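What follows is the residue order along each chain.
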Amino acid sequence: MQWETVIGLEVHTQLTTRSKIFSGAPIEFGAAPNTQACAVDLALPGVLPVLNRGAVERAIKFGLAIGARLNRVNVFARKNYFYPDLPKGYQISQFELPIVEGGELAIQVGDASKVIRLTRAHLEEDAGKSLHEDFHGCTGIDLNRAGTPLLEIVSEPDMRSAKEAVAYARALYNLVTWIGICDGNMQEGSFRVDANVSVRPAGQKEFGTRREIKNLNSFRFLEQAIDYEVRWQIERIEDGHAIQQATVLFDPDSGATRMMRTKEEAHDYRYFPDPDLLPVRLDDALIARMQSELPELPQAKQARYQSDWGLSAYDAATLTASHALAEYFEAVVAKLLVSPRPQAGEGQGERVAKLAANWVMGELSGTLNKEGLDIAESRIGAASLAGLLARLQDGTLSGKLAKEVFAAMWAGEGEADAIIEAKGLKQMSDTGEIERILDEVLAANPKSVEEFRAGKDKAFNALVGQVMKATRGKANPQQVNELLKKKLAG
């Protein structure tokens, strides 16, 4: 039997406010246990919550960024459950009237594009943290995290593979960090993903029974957990067993999921409006101000890169994987467009953008990945990379020499022009000298000449390689090709 996977994600995004959502306590990561929990967070008798305006503003920005409907009146509710790290016995969240409803997010999986619908995004407070490993025979409770502002973002079950789920999670991560509402630090729990996974026979409209994988804090773990869960559910069903709705945890060491508890339904939480908090009313002026503060969004940048500069959908999506990367790329393009260039005229913008894209996605990104660095940590600034690429544009460097200069720049040896001068790396421009070397190579390789004239194209490439070797990579490959063809035809 053929099976179809159905996936929906719930993402807990920690907002970048300076204090908690209902108290003035700080939310800095790494403080000693229980040193950032005030009377409100501890749920001491007589305390009342006061809503953090900054959390509301960030939720509005998110709703505008995904084209969602903003509920002009949204209500906080009490979500009742009993855990040691929840002092009140309930969590303040939103239920029937969340601040954001609907919206969508485009994703790219390889060459395929898809739009994922969002159900809602609601504000809520985080719970504290139970500490099991540091105590023998008991559990410690750290309430520093209690009351941290979260925006829980819930998708429709539109994803059909782990790769689609990861693409959506990455796109969402990019968006919330792009618009500045989340710092994106997954190691610190700023962006945590819960995956609802079910399977059904291909062609069936009804959903299967889902299991929720909780608290995934890396994209790699998200993909591994979903793949394992899908295999487990299919094997379970094919063995004649029913899937029980449950909450499960993923163990990265074993690569398996294990059941944590049976899954609660909404009625289990006994939601009701929080009597201590008035409904939140959004006015036109606040929404307009949040709209004005939004930067150009990733999808708009991608469309502009494709329409103005002729980049592919894949390249545009890759270059907007983060706001910092997009800014770096655009800075390189801007610098190149005002540098002296022999090919100015129609299509120059496209040529420059493609050259910059190839180097940013290729040599630069490859070097950053190899050293585990982010674009913000690049040892070569955008202006410096543009200076190197300008020497490619004007013919001073070949592609091979440019890579050699790039390596020297990364090693801290200076700017491109200084390195080219110091190392004597200018591309050969003397046609007569190149022709002399060509004659020597042809004379030394009569067999390759015969093979080429017999129709073997590989022989031509071999001759080009010999010429480039003889010139130590300083000859212009295009010029070598043209001159060699003329000589072989003569």
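For the structure itself, consult the block above.
Keep in mind that this is a model prediction, so the values were computed, not measured. For every chain, the first residue of its written sequence is number 1, and the numbers climb from 1 along that sequence. Restriction of local features to residues with pLDDT of at least 70 applies here, the model being predicted, together with a cutoff of 80 or more for giving and counting side-chain atom pairs; totals for whole chains, interfaces and linings are based on all residues. Side-chain numbers come from the whole structure's heavy atoms, not from hydrogens or water.

Trainee: I'm lost on the overall build of the chain in this one. Help?
Mentor: Comment: elements are numbered from the N terminus, with helices defined as DSSP H or I runs of at least four residues and strands as E runs of at least two. A tally of helices and strands in the chain yields 15 helices and 17 strands. Computation of the radius of gyration draws on C-alpha atoms alone. For the globule rule, the value is 2.2 Å times the number of residues to the power 0.38. Computed over its C-alpha atoms, the radius of gyration of the chain comes to 29 Å, more than 25% above the 23 Å expected for a compact globule of 490 residues. Overall, the C-alpha framework of the chain stretches about 95 × 55 × 50 Å when taken along its three principal axes. Exposed residues in this analysis have more than 50% of their type's maximum accessible area, buried residues have under 20%, and partly exposed residues fall in between, with area computed by a 1.4 Å probe over protein chains only. Across the 490 residues in the chain, those meeting the buried criterion constitute 47%.

Trainee: Even after reading the chapter, I still don't get the layout of surface pockets, so can you show me in this structure?
Mentor: Space left empty within the atom packing is revealed by a probe, the size of a water molecule, rolled over the atoms. Taken as a whole, the second largest pocket encloses approximately 1500 Å³ of empty space. Only protein atoms enter the 1 Å grid, on which a cavity is a set of points fitting a 1.4 Å probe that cannot get out and a pocket is an open set with protein on both sides within 12 Å along at least 5 of 7 lines, lining residues being those with an atom within 4 Å of a point. Around the second largest pocket, the lining is made up of 47 residues, and of these Arg170, Asn174, Ala317, Thr320 and Ala321 lie nearest the centre. In terms of residue count, helix 2 (residues 162-178) provides more of the lining of the second largest pocket than any other element does, 10 residues in total. In this classification, the charged set is Asp, Glu, Lys and Arg, the nonpolar set is Ala, Val, Leu, Ile, Met, Phe, Trp, Tyr, Cys and Pro, and all remaining amino acids, among them Gly, are polar. Residues of the lining of the second largest pocket, tallied by class, amount to 26 nonpolar, 15 polar and 6 charged. Grid points are joined across faces, edges and corners, and a volume is the space filled by probe spheres set on the points.

Trainee: Help me out: how do you make sense of the packing of aromatic side chains in this one?
Mentor: Centre-to-centre distance and the angle between the planes together describe a pair of aromatic rings. Stacked, tilted and edge-to-face pairs are distinguished by plane angle, under 30 degrees for stacked and over 60 for edge-to-face with tilted covering the rest, among Phe, Tyr and Trp rings (Trp via its six-membered ring) whose centres lie within 6.5 Å. Counted by the stated rule, this structure contains 14 aromatic pairs. Measuring from centroid to centroid gives 5.2 Å for Tyr305 and Phe329, while their planes differ by 70°, and the two rings are edge-to-face. With Tyr305 in helix 5 (residues 298-309) and Phe329 in helix 7 (residues 323-337), the pair connects residues that are 24 residues apart, well separated along the chain. For the pair Tyr305 and Phe329, one class covers both residues: buried. Linked through ring pairs, Tyr81, Tyr83, Phe95, Tyr269 and Tyr271 together constitute an aromatic cluster. A positively charged side chain is recorded as over a ring if its NZ (Lys) or CZ (Arg) lies within 6 Å of the ring centre. The angle to the ring normal must also be within 35 degrees. It is Arg211 that lies over the ring of Trp232; its NZ or CZ is 4.0 Å from the centre. The positively charged end of Arg304 is found above the aromatic ring belonging to Trp309, 5.9 Å away from the centroid.

Trainee: Explain the packing of helix 2 against helix 3 (residues 219-238) here, please?
Mentor: When two helices pack together, their arrangement is given by the angle between their axes and by how far apart the axes lie. Axis lines are fitted to C-alpha atoms, over the contacting stretch for helices. Their N-to-C directions set the angle, which ranges from 0 to 180 degrees. Direction vectors running N to C along helix 2 and helix 3 enclose 155°, while the axes themselves pass 9 Å from each other. The orientation of helix 2 relative to helix 3 falls into the category roughly antiparallel. Classified by chirality, the crossing of helix 3 by helix 2 is right-handed. Contact residues: Ala162, Lys163, Ala165, Val166, Ala169, Arg170 and Tyr173 in helix 2; Phe219, Leu222, Glu223, Ile226 and Asp227 in helix 3. Angle categories are assigned with fixed cut-offs, so that under 35 degrees is roughly parallel, over 145 is roughly antiparallel, 65 to 115 is roughly perpendicular, and the rest are oblique. We call a crossing left-handed when the near helix sits turned anticlockwise from the far one by less than a right angle, and right-handed when that turn is clockwise. Should any heavy atoms of two residues lie within 4.5 Å, those residues are counted as being in contact.

Trainee: I would appreciate a short explanation of the pairing of strand 8 (residues 112-125) in the present structure.
Mentor: Remark: a regular strand shows side chains that alternate across the two faces of the sheet. One ladder, built from 2 bridges, connects strand 6 (residues 100-101) with strand 8; its direction is antiparallel. Within strand 8, the position partnered with Val100 by the bridge is Ala121. Across 6 bridges, the pairing between strand 7 (residues 104-109) and strand 8 is antiparallel. From the neighbouring strand, Gln108 faces strand 8, where its bridge partner is Ser113. Should DSSP find at least two bridges between two strands, the strands are taken to pair. Adjacent in sequence and paired antiparallel, strand 7 and strand 8 are bridged by 2 residues, among which Gly110 carries a positive phi angle near 65°. In the sheet, strand 8 pairs with strand 11 (residues 149-155) via 7 bridges, with the strands oriented antiparallel. Counted as the bridge partner of Arg120 is Val154 from strand 11.

Trainee: Explain the sheet that holds strand 4 (residues 76-80) here, please?
Mentor: Within a sheet, neighbouring strands are paired by backbone hydrogen bonds and run either parallel or antiparallel to one another. Taken in spatial order, the 3 strands make up an open sheet running 5-4-16, and their pairing is antiparallel. At either end of the open sheet lies a strand with only one pairing partner, and these are strand 5 (90-94) and strand 16 (272-273). Bridging between strand 4 and strand 5 involves 5 bridges; their strand directions are antiparallel. Of the residues in strand 5, the one forming a bridge with Lys79 is Gln91.

Trainee: Before we go on, may I ask you to explain helix 4 (residues 284-293) in this structure?
Mentor: Owing to its 3.6 residues per turn, the α-helix aligns residues three or four sequence positions apart on the same side. Among the residues of helix 4, those classed as buried are Leu286, Ile287 and Met290. Down the axis of helix 4, the sector holding all buried residues measures 95°, keeping them to one side. In helix 4, the exposed positions angled more than 90 degrees off the buried face are occupied by Asp284, Ala285 and Ser292. In the core, the buried residues of helix 4 are packed alongside helix 1 (53-65) and strand 2 (69-70). Polar contacts here mean pairs of N or O atoms no more than 3.5 Å apart (in protein, one a potential hydrogen donor and the other a potential acceptor; neighbouring residues in sequence count only if both atoms are side-chain atoms). Two to three positions downstream of the cap, the backbone nitrogen of Ala285 sits 3.3 Å from a side-chain oxygen, assigning the N-cap of helix 4 to Asp283. When we speak of the arc, we mean the arc of directions from the helix axis to the C-beta atoms.

Trainee: Hey, could you run me through the pattern of salt bridges in this one?
Mentor: Note on pairing: side chains with opposite charge can pair once their charged atoms come close. We count a salt bridge whenever a side-chain nitrogen from Lys or Arg sits within 4 Å of a carboxyl oxygen from Asp or Glu. Inspection of every chain in the model, using the stated rule, returns 29 salt bridges. Here Glu413 makes a salt bridge to Lys423, at a shortest N to O gap of 3.5 Å. Of this pair, Glu413 sits in the loop between helix 10 (399-410) and helix 11 (416-423) while Lys423 sits in helix 11, and the two are 10 residues apart along the sequence. Glu413 gets classed as partly exposed once you look at its relative accessible area, which sits at 46%. In this structure, Glu440 engages Arg436 in a salt bridge whose closest nitrogen and oxygen atoms are separated by 2.5 Å. Taken together, the positions of Glu440 and Arg436, both in helix 12 (residues 431-444) and 4 residues apart, correspond to about one turn of that helix. Through salt bridges with shared partners, a single ionic network connects Arg53, Glu57, Lys61, Arg289 and Glu293.

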